[in-house]
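Notes for the structure review
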Amino acid sequence: MFYSRLLIPTLKEDPAEAEAVSHKLLLRAGMIRKLASGIYNYLPLGLRVLRKVERVVREEMNRAGAQEVLLPAVQPAELWQESGRWQIYGKELLRFQDRHNRDCCFGPTHEEVITDLVRREVQSYRQLPLNLYQIQMKFRDEMRPRFGLIRGREFLMKDGYSFHASEADAEACYQDMYTAYNRIFQRCGLRFKVVEADSGPIGGSFSHEFMVLAETGEDLLASCLACDYAANLEKAEVVVAAANPGAEPLSAAPEEVPTPGVRTVEEVAAFFQITPRELLKTLIYETEKGPVAVLLRGDHEVNEVKVKNLLGVTDMTLAGAGRVRELTNAEVGFAGPVGLHLPIYADQAAAALAEAVTGANKTGHHLVRVNPRRDISITQVADLRTVTAQDPCPRCGTALEILRGIEVGHIFKLGTKYSQALKALFLDEAGQEQYIFMGCYGIGVSRIVAAAIEQGHDAQGMIFPMALAPFQVGLIPISLNDAATKEKALELHAALEAAGIEVLLDDRDERPGVKFKDCDLLGLPLRVVVGPRTLEKGAAEVRHRRRGEIVMVQLEELLSYLQENICQEISG
RNA sequence: CGGGACGUGGCGCAGCCUGGUCAGCGCGCCUGCCUUGGGCGCAGGAGGUCCCCGGUUCAAAUCCGGGCGUCCCGACCA
């Protein structure tokens, strides 16, 4: 391909709107342009990278026995009403009406559509299992799109759904997808971690996320330094040494102390000259099942996902100041569990305190010497807090580290949630009607492009792995005014293309420096330079983008040298 | 959705506080010459409703009000 024929509008300076490295570089390399917040144009080079990712995904999905389909982007509201998600999905679901005023949405995901398709076409266990996937643009009206392709509103996703006659078969498929996903991300050259994920109200322990490790990652994960335990921070368990029912009181009954204006954990700790871990904080939540109180030690952070799962609720928000006043008779900052007429859920560490300071449910007052076991009517004690790097690994007891990751894949055992909602049934061998078991498997294709750049870049620009690079080789003639150089460059270009190598010949009338800079920026793995200096020796100069290593290669050997390097990198 | 910032030729920015002397700089772009191994050099040139609407004023990029857009932080820690 000739550089001059492609639209590659590279930028010398960082665009003001970009913060994340991948976002800056994608814009600078002329791979994407923003149309609106979270909505991007893919220019030729960006599209090439996207297609590379797609190719890897397709190959591995097909290898694993999945079949590709293409479902509609626009979906009728009826299906979503049938599954109940029309009500619960919220503002992320982009809704609109067609000319007949029928409610529609732009698909953020396709469980409804695929389940509808399968319920119409599958009647017998003989037609199962089925594993269908598509690669398609999704739209989620994110409350805050950010970091370019990392969290866009419109994005390319591979979503797959499997259908099974038995739970065991669904689990086997889950394992196959687990394996396929590992292959996909390895082939994309990513450093990633597979973590246990929260499976939400659907239940079951079968959910894993594939996280690309990067500072810009929006997700936090806990990873064991010794064993292979890793979990999303939302999911990561806190273990206590022994089941501790709560310490015996050390001293006399609670006592009320005036604490005017002392509200936050820090202020209370400072006021009483104690550490936050001797405090009990009381969080009041509104849920669809009514208000509840959550008790935590002052130095711990609540894990709302754990609370939601324990309560079996989907909606849960912190109560506002007015509501806190109604429920506790005190201003925010003075809520406490003693005598509080709400269901009280205590984190295990909070419940185990011997003596704590807590709000008195009276503005300007706190209680001291509160013993949870004695003084509080606790509804239930559970693991309700977020792990920290100070906690031990729940599997092996070694230390945990907290890492940041970009979620690029998520596999999920759905069970019969959607088959029940949409009545997707089949007849088993005994002629009995049964709900189809399902699994779903997602990959953020466009997000992988950004994630790969987050992991592969230097001060000069992107560094793509061979499998994702827009071109495998950048061919730079030092000067096109030199007849011999030009002739040799064209000849090499033709020879490489004929050999199936993806080569970008920089035929622009630019100074060499410009071409070098752009070639580095684009992250092409191999750069071949020809010029009077190299031709004198009957050679070309080859530079490896990642290693920075430069070698002179004789022209006769160039083709095989490149082929060897490309093959090695793609497979290795 | 809450908080903050920003909006000036294609891109990056200055000017705004202290209204007029203001539409400017760098990059990019066009023409010519020169140059050709890391974003050359010289000369000439094109290109802007200063986000939009309204107001104040003799006068608004600049002050005021409203809107729109974009980015950042947060959206649990009482």
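Criteria and cut-off values
Residues numbered from 1 in each chain as written. Chains lettered and ligands numbered in written order. Predicted model: local features only at pLDDT ≥ 70, side-chain atom pairs only at ≥ 80, totals over all residues. Heavy atoms only, no water. Pairing = 2+ DSSP bridges. Helix = DSSP H or I, 4+ residues; strand = E, 2+ residues; numbered from the N terminus. Axes fitted to C-alpha atoms, helices over the stretch in contact; angles between N-to-C directions. Buried < 20%, exposed > 50% of the residue type's maximum accessible area, 1.4 Å probe, protein only. Phe/Tyr/Trp six-rings, centres within 6.5 Å; stacked < 30°, edge-to-face > 60°. Lys NZ or Arg CZ within 6 Å of the ring centre and 35° of its normal. Contact = heavy atoms within 4.5 Å. Near = heavy atom within 4 Å. Polar contact = N/O pair within 3.5 Å; in protein donor to acceptor, adjacent residues only side chain to side chain. Core = buried A, V, L, I, M, F, W, Y, C linked by side-chain atoms within 4.5 Å. Domains from an automatic or database assignment. Left-handed = near helix turned anticlockwise from the far one by under 90°. Nonpolar A, V, L, I, M, F, W, Y, C, P; charged D, E, K, R; others polar. Salt bridge = Lys/Arg side-chain N within 4 Å of Asp/Glu carboxyl O. Parallel < 35°, antiparallel > 145°, perpendicular 65-115°, else oblique.

What to know about the sheet that holds strand S18 (residues 356–359)
- Across the sheet, which stays open at both edges, the 3 strands sit in the order S13-S19-S18 with antiparallel pairing between neighbours. Each end of this open sheet is capped by a strand with a single partner; those strands are strand S13 (255–258) and S18. Across the sheet, the mean angle from the axis of one strand to that of its neighbour is 30°, orientation sign disregarded.
- Where S13 and strand S19 (residues 365–370) come together, 4 bridges link them in antiparallel fashion. Looking at S19, one finds that proline 258 is bridged to histidine 365.

Considering the side chain of aspartate 506
- Position of aspartate 506 among the secondary structure elements: in the loop between strand S28 (503–505) and helix H15 (512–522).
- Given the relative accessible area of 4%, aspartate 506 is considered buried.

Quick notes on the pairing of strand S10 (residues 207–213)
- Most of S10 is tucked away, with 6 of its 7 residues classed as buried.
- With 7 bridges joining them, S10 and strand S21 (residues 400–415) adopt antiparallel strand pairing. Paired with phenylalanine 210 across the strands is glycine 409, a residue of S21.

Comments concerning the sheet that holds strand S6 (residues 103–106)
- In spatial order, the strands read S4-S6-S5; together these 3 strands make up an open sheet with antiparallel pairing. The sheet is open, and its two borders are formed by strand S4 (74–76) and strand S5 (94–97), each paired with just one other strand. Averaged over all adjacent pairs, the angle separating strand axes in this sheet is 35°, with direction ignored.
- Here 4 bridges tie S5 to S6, and the two strands are oriented antiparallel to one another. Bridge pairing in S6 places glutamine 97 opposite aspartate 103.

A look at the environment of proline 512
- Take proline 512: it is sitting in helix H15.
- Considered as a pair, proline 512 and aspartate 198 are 314 residues apart in the sequence and their alpha carbons are 53 Å apart.

Considerations on helix H13 (residues 445–455)
- Along H13, 11 of the 11 residues are buried, which leaves the element largely enclosed by surrounding structure.
- For H13, the set of buried residues is Val445, Ser446, Arg447, Ile448, Val449, Ala450, Ala451, Ala452, Ile453, Glu454 and Gln455.

Looking at unusual backbone geometry
- Of the consecutive residues leucine 128 and proline 129, the connecting peptide bond is found in the cis state with omega at 0°.
- With a phi close to 60°, glutamine 273 is a non-glycine residue in the positive phi region.

Overview of the packing of aromatic side chains
- This model, assessed by the stated rule, comprises 9 aromatic pairs.
- Through a chain of ring-to-ring contacts, the aromatic side chains of Tyr178, Tyr181, Phe185, Phe192 and Phe210 assemble into a single cluster.
- Against the face of phenylalanine 471 rests arginine 48, its NZ or CZ located 3.8 Å from the ring centre.
- Of note, arginine 95 hangs over the ring of tryptophan 86, and the distance from its end group to the ring centre comes to 4.7 Å.

What to know about the environment of cysteine 224
- Locating cysteine 224 in the fold gives a position in strand S11 (residues 219–224).
- A residue is classified by how much of its surface remains accessible, and cysteine 224, at 5% relative accessible area, is buried.
- Separated by 239 residues in the primary sequence, cysteine 224 and isoleucine 463 place their C-alpha atoms 29 Å from one another.
- Excluding its chain neighbours within four sequence positions, the residues that come into contact with cysteine 224 are Tyr229, Cys393, Cys396, Thr398, Ala399 and Leu400.

Some details on the protein's contact with RNA strand B
- What surrounds RNA strand B is a group of 46 residues, the closest being Arg144, Glu301, Val302, Leu318 and Glu541.
- In RNA strand B, the atoms that sit within 4 Å of the protein are 45% sugar and phosphate, with bases accounting for the remainder.
- Contact distances for RNA strand B include 3.0 Å between a base nitrogen and a side-chain N or O atom of glutamate 13.
- At a separation of 3.0 Å, a sugar or linking oxygen of RNA strand B approaches a polar side-chain atom of arginine 533.

Comments concerning the nonpolar core
- Ranked by internal contacts, the top residues of the largest apolar core, which has 60 residues, are Tyr181 and Phe185.
- Formed jointly, this core draws a minimum of three residues from each of two domains, domain 1 (50–236 + 401–453) and domain 3 (471–571).
- With 26 residues, the next largest nonpolar core counts Trp80, Tyr89, Val113 and Phe412 among its residues.

Concerning the packing of helix H14 (residues 483–498) against helix H17 (residues 555–571)
- Orientation of H14 relative to H17, taken along the N-to-C sense of each, is 35°, at an axis distance of 11 Å. For H14 against H17, the interelement crossing comes out right-handed. Where H14 abuts H17, its residues Lys488, Leu492, Ala495 and Leu496 lie against Leu555, Leu558, Leu559 and Leu562.
- Looking at the contact of H14 with H17 residue by residue, the classes come out as 7 nonpolar, no polar and 1 charged.

Some thoughts on the domain arrangement of chain A
- By domain assignment, chain A separates into domain 1 (50–236 + 401–453), domain 2 (255–382) and domain 3 (471–571).
- Each of domain 2 and domain 3 has a C-alpha centre, and these two points are 66 Å apart.

A few points about the pattern of salt bridges
- By the definition in use, this model includes 43 salt bridges.
- As a salt-bridge pair, glutamate 196 and arginine 395 come within 3.2 Å of each other at their nearest N and O atoms. Of this pair, glutamate 196 sits in strand S9 (residues 192–196) while arginine 395 is found in the loop between strand S20 (380–382) and S21, placing the two residues 199 residues apart along the sequence.
- Taking the relative accessible area as the measure of exposure, arginine 395 reaches 47% and is therefore partly exposed.
- When the shortest N-O distance is used, the salt bridge between aspartate 458 and arginine 545 registers 2.8 Å.

Some words on the environment of alanine 389
- Relative to the helices and strands, alanine 389 is located in the loop between S20 and S21.
- On the basis of relative accessible area, alanine 389 is assigned to the partly exposed category, the value being 37%.
- With 43 residues separating them in the primary sequence, alanine 389 and alanine 346 have C-alpha atoms 21 Å apart.
- When residues no more than four places from it in sequence are discounted, the contact partners of alanine 389 are Leu400 and Ile402.

Some remarks on the packing of helix H1 (residues 21–28) against H13
- Viewed as axis vectors pointing N to C, H1 and H13 meet at an angle of 105°, and their least axial separation amounts to 8 Å. Considering the angle they form, H1 stands roughly perpendicular to H13. Between H1 and H13, the contacting residues are Val21, Ser22, Leu25 and Leu26 on the first element and Val449, Ala450, Ile453 and Glu454 on the second.
- Looking at the contact of H1 with H13 residue by residue, the class counts come to 6 nonpolar, 1 polar and 1 charged.

So, H15
- If you check which residues of H15 are buried, you get Lys515, Asp518, Cys519, Asp520, Leu521 and Leu522.
- Phi for glycine 523, located one or two positions after H15, is positive at around 75°.

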